[in-house]
Each structure stands twice: as structure tokens, then as C-alpha cells.
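Coordinate analysis (summary)
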Amino acid sequence: MAWFFRPKTTLAERSQITTNMPDGLWTKCDKCGEIIYKKQLEEALYTCPKCSNHFRISSHEYIDIIFDEGSFVETHSNVRSADPLEFTDTKPYTKRLQEAYAKTDSPDALTTGYGTVHQRKISFASMNFNFVGGSMGSVVGEKFARAANLSLQERIPLLSISASGGARMQEAVLSLMQMAKTSAKLAQLSEAGIPYISLMTDPTTGGVSASFAMLGDLNIAEPGALIGFAGPRVIEQTIRKKLPEGFQSSEFLLEHGFLDMIVHRKELRQTLAQVFGLLCD
């Protein structure tokens, strides 16, 4: 229909149309501003069909994307955080945990389990950024260690997916200790000749990036992911200089030798199957 045949609507009327649009059917890409139908977003594996921006997703979505249908078995879901320091900031740590349990369907910031990828069994550990910012506490370290133990016992490769704001301050030094704990377990895997693949997503920062996220036999990242120890704003405030464009993006890290490859989410399952085949066979 030509523009001069279209019915004219006022700004108020257009606003009313938008207001009457059912909630939950559409979402907006925070990179290019494209309005995307939710079903279309799911079919594109939660990537923007216009600019290929990778939306943040939980472990459950990654499980559906990576594993053979019905093969995944979650483990250690009963391991929960305690509050040995009786920590309180703006609210008690125990209350913050209860809110996280209610807000998410995750028992903590790490989901572990095992399943098959193209019929090859692997051990799996994936972070949930929506649980207290994907922060690494004692439960994350313990569950990661148990996932590594499964790899050692059954001699199967380990895949981790990182999405974290860093160490969990409410657990103080108990949280920082998990950096050494997870690194020690990965050293055991290396000595046993068992492959460990690390996939870094947006964001991977702090103690997670300084420990198991960067210790993969193969370090992979999704496009556009923020990866680093301190965030760009913290670094700029510290050195009082403007950082280069795209600093700490996965593309920047690949160019400077900190990553082995960047893989689009649509190609992730096939790429992992090929990598596991090369490293295991």
C-alpha cells in the first residue's frame, strides 16, 4: 500500500497500539535495537537475526543447544551455599540466596552433569549468570571439582561454559580459594591426558577468568563476549586513559592470542563434536 493510502495515526494512537501489544511476545536487541519476535529469537538460538548479537542465556538453553536430545543428566543439584561468615551488606547473604532461588530455576551459579554430544559422553559444568551475577562461591568450586572428578573416573572430556561477574564477595576468602581448587583439578585432568574445553560467554570476568575459564586445552568464546579480569570502566578509572575500541571483546582477545577460536552459537554443537573427536580419538 502506498504511503498516501495508509491511515494516519497520531503519536498517542501509536503509543496505545504498542501498549496493547501482548507482553512476552517480542524483545529488543540491546546492540542494534531490532525488535525480534520471541519465537524467531528462539529458533535463531537466542542470537539477533539482524546483527548476530548473542543474547545471554542460562545453562538450560545451552544444554538444549549442545547435547543430544534427552541425554543430559544433571548432577549435584542438592549442593547449596551456606553462610559461614554470616555476611550482611545491604541485606543478609541468606536472604540474597533465597531471592536467587526464587528468581531462577538454578540451585546455584553452576549447573553440572553429563550427557552425549553426537553420541560422545562428556562431563559438563555451566555457569548461570542470573544467579547472583554468576559469582563464584564455594559451591561453584565444589561442583566444578566434582565434574572434573567424573571426567577423571570415566576418562571423558570436560566442557565448561563461563558467564560470571567474578568471585562472590559474600564468601570472601572462601570464594577466592576456589580459584586454586578448580585450577588444581584441571592440572589433574592435564596429567591424565583428558581434554578440557572452555567456552567463554558474555561476560567472563574476575576470578573465573583468572582460573578455570582460561585454562582450557582449547579456549573458545562466543562473538562479542566481554572477557577479562577487571572491567573496562575499572581499568580506565585506574590508569586514567581511554581504552581501545572493543577492548576485552572476544574478537580483541583472539587477535592478541588469548583465545583459540570464536564460534557462533549456531555452529557450537557441530564444532564441539569435531573438537572432541580430534582430541579424544
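What you are looking at is a predicted structure, and each value in this text was computed from that prediction instead of being measured. (Residues numbered from 1 in each chain as written. Predicted model: local features only at pLDDT ≥ 70, side-chain atom pairs only at ≥ 80, totals over all residues. Heavy atoms only, no water.)

A separate point is the environment of Lys-95. Assignment of secondary structure puts Lys-95 in helix α4 (residues 93–103). According to the relative accessible area criterion, Lys-95 is partly exposed, its value standing at 46%. Taking the C-alpha atoms as reference points, Lys-95 and Leu-279, separated by 184 residues in sequence, lie 44 Å from one another. (Helix = DSSP H or I, 4+ residues; strand = E, 2+ residues; numbered from the N terminus. Buried < 20%, exposed > 50% of the residue type's maximum accessible area, 1.4 Å probe, protein only.)

Ordered by their spatial adjacency, seven strands build an open sheet running β3-β4-β5-β6-β7-β8-β9, and the pairing between neighbours is mixed. What marks the edges here is a single partner per strand, and that holds for β3 (73–75) and β9 (261–262). Here four bridges tie strand β5 (residues 120–127) to strand β6 (residues 158–164), and the two strands are oriented parallel to one another. The residue of β6 that forms the bridge with Ser-123 is Leu-158. (Pairing = 2+ DSSP bridges.)

Turning our eyes to something else, we now look at unusual backbone geometry. Residue Pro-203 is reached from Asp-202 by a cis peptide bond, and omega for that bond is -10 degrees. In this structure, Pro-203 sits in strand β7 (residues 196–204). A positive phi is found at Tyr-46, a non-glycine position, where the angle reads about 60 degrees. Tracing the sequence through the fold places Tyr-46 in the loop between α2 (38–43) and α3 (59–66). Judged by relative accessible area, Tyr-46 falls into the partly exposed class, the value being 22%.

Another aspect to go through is the pattern of salt bridges. One pass over the structure, following the stated rule, counts twelve salt bridges. In this structure, Arg-168 engages Asp-108 in a salt bridge whose closest nitrogen and oxygen atoms are separated by 3.2 Å. With Arg-168 in the loop between β6 and α6 (172–192) and Asp-108 in the loop between α4 and β4 (110–117), this residue pair connects regions lying 60 residues apart in the sequence. The residues Arg-168 and Asp-108 share a single accessibility class, namely buried. Residue Glu-171 is joined to Arg-168 by a salt bridge in which the shortest nitrogen-to-oxygen separation is 4.0 Å. Salt bridges here are not isolated pairs; linked through shared partners, they connect Asp-108, Arg-168 and Glu-171. (Salt bridge = Lys/Arg side-chain N within 4 Å of Asp/Glu carboxyl O.)

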